[in-house]
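In case you want the letters, here they are:
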Amino acid sequence: MPYSKELHGSYSKQLPLGTKGERTHHVVTYNPNRAKPGEVLYIRCPKLEAGVVLTDKMNLVFDLKLEGHNKNFVVQNLSANIISRLVLKFEGEILLDLTGYNLVQTYKDLYLDRTNKTLYGIQSENLRKMRSGNIDAVGGGAHLGESALHKAYGSKYAIDLARLHPMTNGHGAVYPSSLGSHIEWELTLAPIKSILVSEDPDAWDYTLTNIQLEYETIRDPKLATEISGYYNNGKSFLYEHIQHFRTINFTGSDTIINENINVPRRSMKGIFILFSKIQVQNELDTELFINPGISSVAVTIEGIANKVYAQGLSPRKFWEEVRRYFMAPEFGGVDKLEYVTEEKFLLDKYCLFIDLRSFKDNKYHGSGLKVMNTKDGVQLEIVREATQPPQQRMTANIFIISDAKLDIEGSRLNSIMY
């Protein structure tokens, strides 16, 4: 008779797989330890001594110094919005080059658990004002919790480097000393207007100061030897490749948007489009993604109409398509969200996602559409209702999401495919 695993005689809630390695938290000053908007931070994974491996905890930590009007304050999710372009490398070869990283990551973070993210800049508006030195911030009374967080964190923020690079995210511990080259990040700092809510845009600036690299290691020679063996014999790092394809400008009077996407990909997972409008700087909301009033979407693949959606994609299906991808537990997504409901999605947390995978499970790599040596690729016909005022300018940023793979052998780069 079959039993559930919890009733089986061999069941144990805990696993006897702990390590006796020595855990160490490191703080290393980045050089230079100051940076301004538009500058690029070049970061290399530290080369550790023999027998020491890197865990998945690696942050770039800094103090944010604001200059200008005393009512300036930072936007929501500073960690995502302070990076306008992200480049990831190994052995000097580019694994990913994403312009518009701030848009993509801010949107994806809407679907994650947002609690206890103060260090990364996900916080209440009042706490954002407190930590920015805004004179309108309110303390005491109902805000004692925010005051405690302000005291603990001050102007200190962090960027989670580990989650950005495929070699440090989702593939076990890293043994940098066994690799033949460096794991690298290049972060381009966003312009001032992207991260500050300001009443006086002519008198503002920001500086990253006291920049430090914080990471955790485990001294375990046996584990290090095992990881080194994988690097030498061959290891694949499966990851998600995102490319900013195009920016389209349109107005309220435009009712049809046609776009042809013919970019070679072995596994194109989806086409991801974010819509925005010009915002007043003192009301800047980086988590505002407008609904442009799309009434239908037709997908043509290699000249064959009505692919994926036989009767076209209608508004009642938009939320379902987004849930298939963004709420995936493999990405940390939360299936029951309070922050983004279907209603909020349709109002101001909107995106258009064309899912090109065979099935929705993100754990499986390579289930996307193959677009190789094609004549027409993927064509989209987006029909929208005319909106008022007709001259209102809006923007659509189109991103291509694909499966990618980095192979190393002999501890050196062997191939990159996407």
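Refer to the structure printed above.
Counting restarts for each chain: residues are numbered from 1 in the order of the written sequence. The predicted origin of the model limits local features to residues at a pLDDT of at least 70 and limits the giving and counting of side-chain atom pairs to 80 or more, whereas totals for whole chains, interfaces and linings rest on all residues. Calculation of side-chain values draws on the structure's entire complement of heavy atoms; hydrogens and water are dropped beforehand.

**Here we look at the packing of helix α3 (residues 125–132) against helix α4 (residues 144–153)**
Each packed pair of helices is defined by two parameters, the angle between the axes and the distance between the axes. With their axes 10 Å apart at the nearest point, α3 and α4 run at an angle of 40° to one another. The crossing of α3 and α4 is right-handed. Residues N126, L127, M130 and R131 of α3 pack against E146, S147, L149, H150 and Y153 of α4. All residues other than Ala, Val, Leu, Ile, Met, Phe, Trp, Tyr, Cys, Pro, Asp, Glu, Lys and Arg, Gly among them, are scored as polar; the first ten of these are nonpolar and the last four charged. Taken together, the residues of the contact of α3 with α4 sort by class into four nonpolar, three polar and two charged. Lines are fitted to the C-alpha atoms to define the axes, a helix being fitted only along its stretch in contact, and any angle between axes, read from their N-to-C directions, falls within 0 to 180 degrees. Runs of H or I in DSSP of at least four residues are treated as helices and runs of E of at least two as strands, each being numbered from the N terminus. Left-handed describes a crossing whose near helix is turned anticlockwise from the far helix by less than a right angle; the clockwise case is right-handed. Any two residues whose heavy atoms approach within 4.5 Å are treated as being in contact.

**Things to note about the sheet that holds strand β6 (residues 93–99)**
Strand order in this open sheet of four strands is β2-β8-β5-β6, and the pairing throughout is antiparallel. Two strands bound the open sheet, and with one partner strand each, they are β2 (40–44) and β6. Each neighbouring strand pair of the sheet contributes to a mean axis angle of 15°, computed without reference to strand direction. Note on pairing: DSSP must find at least two bridges between two strands before they are called paired. Sheet topology places strand β5 (residues 83–90) next to strand β8 (residues 183–189); seven bridges connect them, and they run antiparallel. Paired with F90 across the strands is I183, a residue of β8.

**Comments concerning the nonpolar core**
Buried Ala, Val, Leu, Ile, Met, Phe, Trp, Tyr and Cys residues that are joined via side-chain atoms within 4.5 Å together make up what is termed a nonpolar core. When accessible area is computed with a 1.4 Å probe and restricted to protein chains, residues below 20% of their type maximum are described as buried, those above 50% as exposed, and intermediate ones as partly exposed. Counting residues in each nonpolar core, the largest one holds 110 residues, and the members touching the most others are I82, Y107, L187 and L352. Sort the elements by how many residues they give to this core and strand β18 (residues 393–409) lands first, with nine residues. Once residues lying within four places of it in the same chain are set aside, the contact partners of I82 are F62, L64, I159, T188, L189, A190, I195, Y206 and L208.

**Concerning the sheet that holds strand β17 (residues 378–384)**
Taking strand neighbours across the sheet as the criterion, the three strands line up as β12-β17-β14 in an open arrangement whose pairing is antiparallel. At either margin of the open sheet sits one strand with a lone partner, and together these are β12 (256–261) and β14 (294–301). Averaged over all neighbouring strand pairs, the angle between strand axes comes to 15°, with direction disregarded. Bridge analysis of β14 against β17 gives seven bridges, and the strand direction is antiparallel. Residue I301 lies in a different strand from β17, and its bridge partner there is V378.

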